[in-house]
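Summary of the model geometry
Okay, here's what each chain looks like letter by letter:
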Number of protein chains: 2
Amino acid sequence: FSDPAVRARRERHAAMMDSLKDIYMAKIKPLETQFAFPSFYSSEMSPGDFDTAPLVVLIGQYSVGKTSFIRYLLERDFPGQRVSVEPSTDKFHAITAGRVERTIPGNAAAVDAARPFTGLTKFGTSFLNRFEVAELPSPILDAISFIDTPGILSGEKNRIERGYDVEAVIEWFASRADRILVLFDAHKLDISDELKRVLEALKGHDDKIRIILNKADSIDPQKMLRVYGALMWSLGKVVRSPEVLRVYIGSFWDQPLAEAGASNADLFNAEKADLLADLRSLPRNAAVRRVNELVKRARLVKVHALLCSHLRDQMPYFYGHKEKQARLLARLPLEFSKVQRANGLAVGDFPKPARFSAGATAHDLASFPKLSRRLVEAMDGALARDIPALLATMQEDAS
Amino acid sequence: FSDPAVRARRERHAAMMDSLKDIYMAKIKPLETQFAFPSFYSSEMSPGDFDTAPLVVLIGQYSVGKTSFIRYLLERDFPGQRVSVEPSTDKFHAITAGRVERTIPGNAAAVDAARPFTGLTKFGTSFLNRFEVAELPSPILDAISFIDTPGILSGEKNRIERGYDVEAVIEWFASRADRILVLFDAHKLDISDELKRVLEALKGHDDKIRIILNKADSIDPQKMLRVYGALMWSLGKVVRSPEVLRVYIGSFWDQPLAEAGASNADLFNAEKADLLADLRSLPRNAAVRRVNELVKRARLVKVHALLCSHLRDQMPYFYGHKEKQARLLARLPLEFSKVQRANGLAVGDFPKPARFSAGATAHDLASFPKLSRRLVEAMDGALARDIPALLATMQEDAS
Ligand SMILES: Nc1ncnc2c1ncn2[C@@H]1O[C@H](COP(=O)(O)OP(=O)(O)OP(=O)(O)O)[C@@H](O)[C@H]1O
Ligand SMILES: Nc1ncnc2c1ncn2[C@@H]1O[C@H](COP(=O)(O)OP(=O)(O)OP(=O)(O)O)[C@@H](O)[C@H]1O
Ligand SMILES: [Mg+2]
Ligand SMILES: [Mg+2]
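So, here is what we can say about the structure in this document. (Residues numbered from 1 in each chain as written. Chains lettered and ligands numbered in written order. Predicted model: local features only at pLDDT ≥ 70, side-chain atom pairs only at ≥ 80, totals over all residues. Heavy atoms only, no water.)

1. Some words on the side chain of D178 of chain B
Residues and elements named next belong to chain B. With respect to the helices, strands and loops of the structure, D178 is situated in the loop between α7 (166-176) and β6 (179-185). The buried category is assigned to D178, whose relative accessible area is 4%. Discounting chain neighbours no more than four positions away, the residues touching D178 are P54, L55, K208, L282, A286, R289 and R290. (Helix = DSSP H or I, 4+ residues; strand = E, 2+ residues; numbered from the N terminus. Buried < 20%, exposed > 50% of the residue type's maximum accessible area, 1.4 Å probe, protein only. Contact = heavy atoms within 4.5 Å.)

2. Overview of the site of ligand 1
Residue and element names in this part refer to chain A. Around ligand 1 sit 21 residues, and of these S63, K66, S68, S88 and T89 come closest. The contact in question runs from an oxygen atom of ligand 1 to an N or O atom on the side chain of K66, over 2.7 Å. Measuring from a nitrogen atom of ligand 1, one finds a side-chain N or O atom of N214 at 3.3 Å. Considering ligand 1 on its own, with 630 Å² of exposed area, one finds that the protein chains cover 90% of that surface. (Near = heavy atom within 4 Å. Polar contact = N/O pair within 3.5 Å; in protein donor to acceptor, adjacent residues only side chain to side chain. Areas by Shrake-Rupley, 256 points an atom, 1.4 Å probe, with all protein chains shown as cover.)

3. A few points about the pairing of strand β7 (residues 209-214) of chain B
Residue and element names in this part refer to chain B. Among the six residues in β7, six count as buried, and that is most of the element. Every second residue of β7 is oriented toward a common face, with I209, I211 and L213 on one face and R210, I212 and N214 on the other, all of them buried. For β6 and β7, the ladder comprises six bridges, and the chain directions are parallel. Bridged to F184 within β7 is L213. Where β7 meets strand β8 (residues 247-249), three bridges bridge the pair, whose relative direction is parallel. Following the sheet pairing, I212 is matched in β8 by Y248. In terms of handedness, the path from β7 via helix α9 (residues 221-239) over to β8 forms a crossover that is right-handed. (Pairing = 2+ DSSP bridges. Right-handed = clockwise from strand over helix to strand, strands pointing away.)

4. Points about the relation of the copies chain B and chain A
For these two chains of identical sequence, chain B goes onto chain A by a turn of 179° and a shift of 0.2 Å along the axis, with RMSD 0.1 Å. Such a turn and shift between the copies fits a two-fold axis. A shared interface surface links the copies, since 100% of the contact residues of chain B are contact residues in chain A too. (Least-squares fit on C-alpha atoms with pLDDT ≥ 70 in both.)

5. Digging into the environment of L390 of chain B
All names here are of chain B. Among the secondary structure elements, L390 is positioned in helix α15 (residues 373-398). C-alpha of L390 to C-alpha of K296: the two residues are 94 residues apart in sequence and 16 Å apart in space. Sequence-distant contacts of L390, that is, excluding residues within four places in its chain, are made with M16, S19 and L20.

Function-wise, these values are silent; they only describe arrangement.
See below:
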């Protein structure tokens, strides 16, 4: 990861993310603000959402080796790190590059617009108290940031004792992640109901998930096959997708292989190499993914603005706002299709009527401004020219 | 398999099956005959149903190595055997012990009450023309009989071109089998819709199914893991049971391992040894299974006889048979529960009303004889004394 070519690419990546941020700030955000987009959908993007390195989230039951694996990749300890056979990591740790080693408490990190964590405020103080950012120098952190998570516990402990919605928090990180690593312990395979729920919450992110069957060197090859088979048997049923998830089998930490699995050494080394190669490929893919997500968001912003202004135009001037708005919201599918046909929009770009309607209850539709053609054209320009140009640069960089 | 201890056990097994046959003939069959049991449920048992060695059925797509595996176990060719990279086995072959090598055509085999194939007549001549019994001397055949099946083909070919219901035939063999081996080719893994349907038809026999991932030496260890993982991923969804099916991985024929999988030689040898040990355990388990099945059948025979005689007693003496019978059949659940309570029977021993009703349409209930207390007592005696005594002997033999 400290290879100069990788560093150079990382710098180009940062420059492209800067351009992307500029496009968002200049051409998309103004339209979002006018029509209160964040209160309908997801919060507005902060500079931190663009500056961030690709994000790798590690999840799994306790003691499967999540923290040890991060430690191995960092080639050093990180502040706040705790490794033990007991449930040990009790906070969510964001591990990112920094010139000096320091930790930033969750509450402070979440108000810093330069970081990609402002969205976490919605999970409340009880969560933010259990969130911490660790900054430290390590070659891999120039390319990737990590989220270490507390082990998923079985039974009621998981949700209630923790005082925040663990699944929702994991889903939040997962939807922003470039890679979701789900670790299992080959020596003690166990797919609890809680873990199943988390995996189900990750539906839709299947393409980002990779499985790690860790500590596979602690059992003999035949046993290892049985465990791996049982894992696949269960995962296929939980994940349901016909596409088989990639599983990396081995021992992912800085210790030599155990005796029991020694005869699989070649296999484990090949698997480790494959996993590292996958992580190395992330920065490039991450940039393309960010662009795609911004394009999706921009399309929704446009639809949203057209919808709001279409509904606004039907609101009465003086009184009867409430009743009229209720009538309009009751026939949203009809209004949606008018807007869709009038503007030649794709049906798939429209939000769920229920979502729109829920957001609209907090607003008087009449209070939205008239749609500014200029702003719409600026955004169309971003979608039609600026972003494709950026993507072309990326493709060049990739080849 | 030619070990003297195994031979001795095989002879004791045969003696026990003889006793079981005698119990059936003397104490169960008479009651079956009186109340036309075979026309309601399954055909009457012939001597061949008791004399048979444990049965192992091999299924899988074409060219996965079913025939080659049997050949390997026999340590010789069998008459009718065809091995090739093309779909080659085009008949169902029953491979059983015989002093001299010979084949018996399906039509002849199915009318021979000394063989366990009389039930196959229901699949008609188009199937029997595609069925053949091979008799030959081979040590393993003293302990086990095999059914080699034609590879399951994809698309319409499977059912239509063959002119008989392949799935139903496989299900017939599977329900009589002691072990169902489902083979896959690691080099060309493919779970066609036809195969999925066959696996679904095997539901209820999960405990008898073992999977063989064959030709696993033809790919390198990492690839082998991916294939195995993909197999488990899909199987878990098709078979659905939470219990993971046992998969034997290796190369199951008489050739040395290929270069690609050489590093897995220990694993493959261990797997082969496990599979052979499993086959060796079959004769003992098979005897217990036959007894259990006969007990289940006897319970149903008793319930059936009591039901028929209960309904018969309500039939009018002279006319109105048809109308009365229709009324009785329309309220079977009520009549069932009367019989159940009056005789202290288990609800689970009763047939589905629809099944009983379908069988009854071919009979005038009034024509059934009065229930003979003597016959019922004989059968109760078999269930309460003769069969438990036989089981006790088996347990002794096992310890
Ligand atoms: N690859 C490995 N092989 C064998 N043991 C390992 C491996 N990785 C970690 N361990 C051991 O497993 C235990 C748990 O490790 P670690 O704390 O990293 O797991 P974790 O998943 O972060 O747990 P938690 O969810 O509680 O934070 C420790 O004792 C550690 O030394
Ligand atoms: N363990 C093995 N490793 C490699 N090749 C094998 C193995 N077993 C069989 N083969 C080869 O695979 C091909 C198919 O074998 P075989 O005819 O036994 O399969 P089958 O499942 O019986 O096919 P069919 O369903 O058409 O009867 C043959 O060329 C055979 O030599
Ligand atoms: Mg940890
Ligand atoms: Mg064959």
